[in-house]
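Each chain, letter by letter, is given below.
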Amino acid sequence: MAFLEVEDLKVHFPIKGGIFGRTVGHVKAVDGVTFSLEKGKTYGLVGESGSGKTTTGRAIIGLNNITAGKIKFQDKEITNLHKSKSEFRKDVQMIFQDPYSSLNPKKRVRDIVAEPLRNFESLSKSEEKKRVQELLELVGLSPESILKYPHEFSGGQRQRIGIARAIALKPKLIIADEPVSALDVSVQAQVLNFMQDIQKELDLTYMFIGHDLGVIRHMCDQIGIMYKGRFVEEGTTDEIFTNPQHIYTKRLVAAIPDIDPKKRDELVKFREEVRMEYEQSYNDYFDKDGLAYQLQPVSDTHLVALPEKG
Amino acid sequence: MTEELLKVQHLKTSFRIKDDYYAAVDDVTLTLNKNEVLAIVGESGCGKSALAFSIMGLHTKAKIEGNILYKDQDLANMSLAKLNKLRGKDLGMIFQDPLTALNPLMEVGEQIGEVLMLHNKNMSKTKRVEKVIELLNKVGIPRAAHTFSQFPHELSGGMRQRVVIAMAIANDPEVLVADEPTTALDATIQSQILDLIKELKDGSQAGIILITHDLGVVAEMADRVAVMYAGQIVEIADVHTLFDHPLHPYTRSLLNSIPNAEREGEKLHVIQGIVPALQKLPRKGCRFSARIPWIDASEHEENPELHEVAPGHFVRCTCYKNFHFPDESKEAAHHGIS
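Let me begin by describing the structure that accompanies this report. (Residues numbered from 1 in each chain as written. Chains lettered and ligands numbered in written order. Predicted model: local features only at pLDDT ≥ 70, side-chain atom pairs only at ≥ 80, totals over all residues. Heavy atoms only, no water.)

**Section: the overall build of chain A**
Check the secondary structure of chain A and you find ten helices and twelve strands. A globule of 310 residues ought to have a C-alpha radius of gyration of about 19 Å, and chain A, at 21 Å, matches this closely. The principal-axis extents of the C-alpha atoms in chain A amount to approximately 65 × 55 × 45 Å. Per-residue burial over chain A gives 51% buried out of 310 residues. (Helix = DSSP H or I, 4+ residues; strand = E, 2+ residues; numbered from the N terminus. Rg over C-alpha atoms; globule rule 2.2 N^0.38 Å. Buried < 20%, exposed > 50% of the residue type's maximum accessible area, 1.4 Å probe, protein only.)

If you want it as structure tokens, here you go:
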């Protein structure tokens, strides 16, 4: 039994045009993706901007309407439950990318962190305060900060306030949308370490959306690579990084800067090779619309989007 | 033979907060050579962008002390009219965010043409259009003639950054300042843009000051690296030395905090505390000391200076000598250095 199953998920946005604002077409932001998450593991969703990775995450949690497909959480279908305050809303939380815009600047930390508690649990004022302070302590902020406003904190601290809010209801799944992209490397290290710690402590499952492959490799057990709304490859972290099969994945992996300056020339040569291969074999990997094919298994855990044989 | 292009001497850029001036760039001295990429690394708030803006004279309200010497002229004490003759011609700049660096209401070809026009008043219009298309081709934009009459919003992020680069190199500058040129871009685009900058440099022999926070970019691009912390350069060395034998605690901490495939499963190093705000910067003693509290105060210098530990390798303060991370013993640290 998978923890979260996403089956042929599609999210299309209408394009309005003309003077009457009629729908003239659709942007297929997510165009049929299927994957599943295992409990206690971290699943990485990777892609360039516009690949549909964030939309996928937002659709799962109900922030985007689903056009077609099914989402099952712990074997219960939750595709259309989003509007009601179901258990699901408690069990799945989100960490947003930008800690500067995801916290209401006019609210005190106490109100920010307590908001999910107020929605789902009826606590007395003093109980609530205690819970908020416990949460802040858990994320490494002093309990006295409950009266402060977001602007009084640094980027890393703000992101931890966002995490405190996300774990307030003891969720089972956290969707982290580029949680460290806006942060400096040393602060990034702090947030990543912390996310790993609470994962063990609270037995959390993560869906980690990102584009920094170094971070993804460090955090994830399994990775799905998206391109133009579809998966091009899925596999364990090891499979993706040491044995990428799809030309798009190869190109992505080749583009990671190496922190060893001695390998510079080697890397330039390697990238050139991959680029040549990409150009020559583009038609073998993408259909006539430039989209990826359906995923085909190459091993038990490793799936690659290739045309069907024959 | 290395040829010095630009010399920054004791540069101090201060901003006014309430009634006092606070130095964001504090006594920075460095040289940029011809055909060289000098990377300036550090986290937000370390003063690296303030340094870049000072060199280009883009700070209008800051107090700038010290000298920025370019061809026997001092950019730091120069009239605006004179500076405008240099900027866009001998000095080019690539900005971080191509969307804000470009005028949204002007065709990109016109924008590049403007740079040419300002410095070559006698150039005919046909010649200018020709030159712009040549530039667009040079920065790898397909269908240059078509792109000429497009607006910035019609282009992708990577293409926009190419336009910004085309503007920066329009008059073959000798000094190019690139402020986080790839931070807003995807990884595959990033590597293309970096390759482009490298190619252009090899072609024109320009000197490039590359401002970045990404050590991966540094490893790929730089010839020499200056690491900045709290407005000061704490370490400067050629790129191989810096990555193989980093000495300053800040440099070593930064390198340890990036995820590395070879150290999989290990915890990332976290630098304790935060970068202090400009008003709260300690102006005396080692500025990094508060972030490495386990190091004894006696290890620091009273007035930390840059020491030349090997030819071309400078390190600030003496605290690097016996530095160790909290989870390793002093002995291990010693062996690590020797």
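**Side note on the sheet that holds strand β9 (residues 222-227) of chain A**
Residue and element names in this part refer to chain A. Pairing is mixed across the open sheet formed by eight strands, whose spatial order is β6-β7-β8-β3-β9-β10-β12-β11. Each edge of the sheet is formed by a strand with only one pairing partner; in this case those strands are β6 (92-95) and β11 (295-297). Pairwise comparison of adjacent strand axes, ignoring direction, gives a mean angle of 20° for this sheet. Sheet analysis places β11 next to strand β12 (residues 303-305), joined by three bridges and oriented antiparallel. Paired with Q296 across the strands is V304, a residue of β12. Lying over the sheet, helix α9 (residues 247-254) contacts β3 (42-46), β9 and β10 (230-236), oriented at roughly 105° with respect to β9. (Pairing = 2+ DSSP bridges. Axes fitted to C-alpha atoms, helices over the stretch in contact; angles between N-to-C directions. Contact = heavy atoms within 4.5 Å.)

**Thoughts on the environment of A206(B)**
Residues and elements named next belong to chain B. In this structure, A206 sits in the loop between α8 (187-204) and β8 (207-212). Considered as a pair, A206 and E36 are 170 residues apart in the sequence and their alpha carbons are 7.1 Å apart. In this view, A206 contacts K34, N35, E36, P173, E174 and K201; residues no more than four positions away in its chain are not counted.

**Here we look at the nonpolar core**
I163(A), M195(A) and F208(A) are the most contacted members of the largest nonpolar core, which has 56 residues in total. The biggest single contributor to this core is helix α6 (residues 185-202) of chain A, with six residues. If near-sequence neighbours (up to four positions away) are discounted, M195(A) is found in contact with I95(A), I163(A), A176(A), P179(A), Y206(A), F208(A) and M219(A). Counting residues in hydrophobic clusters, the runner-up holds 35 residues, among them I112(B), L135(B), V164(B) and L196(B). (Core = buried A, V, L, I, M, F, W, Y, C linked by side-chain atoms within 4.5 Å.)

**Some remarks on the pairing of strand β1 (residues 4-17) of chain A**
Residue and element names in this part refer to chain A. In terms of strand pairing, β1 meets strand β4 (residues 68-73) through five bridges, oriented antiparallel. Looking at β4, one finds that E5 is bridged to K72. Here β1 runs beside strand β2 (residues 22-37); their pairing, made up of twelve bridges, is antiparallel. From the neighbouring strand, L9 faces β2, where its bridge partner is V33.

**Side note on the side chain of S281(A)**
Note that S281(A) resides in helix α10 (residues 264-285). Within the structure, the side chain of S281(A) is placed 2.6 Å from the backbone oxygen of E277(A), a separation counted as a polar contact. (Polar contact = N/O pair within 3.5 Å; in protein donor to acceptor, adjacent residues only side chain to side chain.)

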